[in-house]
Each structure stands twice: as C-alpha cells, then as structure tokens.
Amino acid sequence: LHINLREVLKKYGGGGQGINLRAVRAYSQQLFLALKLLHKCKVIHADIKPDNILVTDDGCSTLKLCDFGSAFTEEEIITDPNRLQLNSDFNTNAR
C-alpha cells in the first residue's frame, strides 16, 4: 500500500519539526531520478505536488510519482498550437 507525501509529512513531520534529514535526502534523490527519467523520455508531468508523490507504506522508503493526467510530451508543445496558447496565456496573466 502507498500513502501520499502530504500524509507522510502530517504523520511523521507534525509539530513543525519536519521529517528526518535522511528521509529528505532519500526522497529528493528518488524524485530527481524520476525527473531525470521524465526528461530523458521528453515527458512533462505538469502537476507535481505532495499529493501526487506516493510513498510505500512499508518503512516509507520508496517514492513513486503518480497522476500523469496532466502530462504531455515536448513534441505536443511544438505541434499543438492550443497548448502553446494556453502556456502563453498563463504567462501573461502571471505578470
């Protein structure tokens, strides 16, 4: 079974102290490895947040990136003008 990272932070990092530094390092390494693989595959997740990072329930040692519903490939940005328009609309509204 898996729980999301938000729940792990609530369960083990409550009271404002945060989670163990070794856990932060292990989670960071795994997340960066996942991002490196996505980059190699030219996939953009587009919705990375604690709710979309699953942690194994047995020892909380393994991360899994999930919910690729908003994901797209680099080729889609280049070939889909609607997606480009959405991105440029978002950037102009942020100013």
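The model shown is predicted, which means the values in this text are computed figures rather than measured ones.

Draft legend 1. The confidence of the model for the chain, seen in detail. Per-residue pLDDT for the chain averages 83, and the proportion of residues at 70 or more is 81%. Ignoring residues within four places in sequence, the model shows residues 85–95, a span with pLDDT below 50, making zero contacts including any to other chains.

Draft legend 2. The arrangement of the nonpolar core in detail. Leu 5, Val 8, Tyr 27, Leu 38, Ile 53, Val 55, Cys 60, Leu 63 and Leu 65 form the largest nonpolar core, which has nine residues in total. Counting only elements with at least two residues in this core, the list comes to helix H1 (5–12), helix H2 (21–40), strand S3 (53–56) and strand S4 (63–65). If we skip the residues at most four places from it in the chain, Val 8 touches Ile 3, Gly 13, Tyr 27 and Val 55.

Draft legend 3. Quick look at the sheet that holds S4. The strand order across the open sheet formed by three strands is S1-S3-S4, and the pairing between neighbours is antiparallel. What marks the edges here is a single partner per strand, and that holds for strand S1 (2–4) and S4. Recorded for the sheet is a direction-independent mean angle of 35 degrees between the axes of neighbouring strands. The strands touched by H1 within the sheet are S1 and S3, with S1 carrying the most contacts at an inclination of about 85 degrees. Contacts from H2 reach S3 and S4 within the one sheet, and its direction differs from that of S4 by about 30 degrees.

Draft legend 4. Representation of unusual backbone geometry. With a phi angle near 60 degrees, Lys 42 is a residue other than glycine that sits in the positive phi range. Looking at the secondary structure, you find Lys 42 in the loop between H2 and strand S2 (43–44). With a relative accessible area of 39%, Lys 42 lands in the partly exposed category. Positive phi, normally seen in glycine, also occurs at Asp 67, with a value near 60 degrees. Asp 67 sits in the partly exposed class, given a relative accessible area of 41%.

Quick notes on the rules
- Residues numbered from 1 in each chain as written.
- Predicted model: local features only at pLDDT ≥ 70, side-chain atom pairs only at ≥ 80, totals over all residues.
- Heavy atoms only, no water.
- pLDDT = per-residue confidence, 0-100.
- Contact = heavy atoms within 4.5 Å.
- Core = buried A, V, L, I, M, F, W, Y, C linked by side-chain atoms within 4.5 Å.
- Buried < 20%, exposed > 50% of the residue type's maximum accessible area, 1.4 Å probe, protein only.
- Helix = DSSP H or I, 4+ residues; strand = E, 2+ residues; numbered from the N terminus.
- Pairing = 2+ DSSP bridges.
- Axes fitted to C-alpha atoms, helices over the stretch in contact; angles between N-to-C directions.

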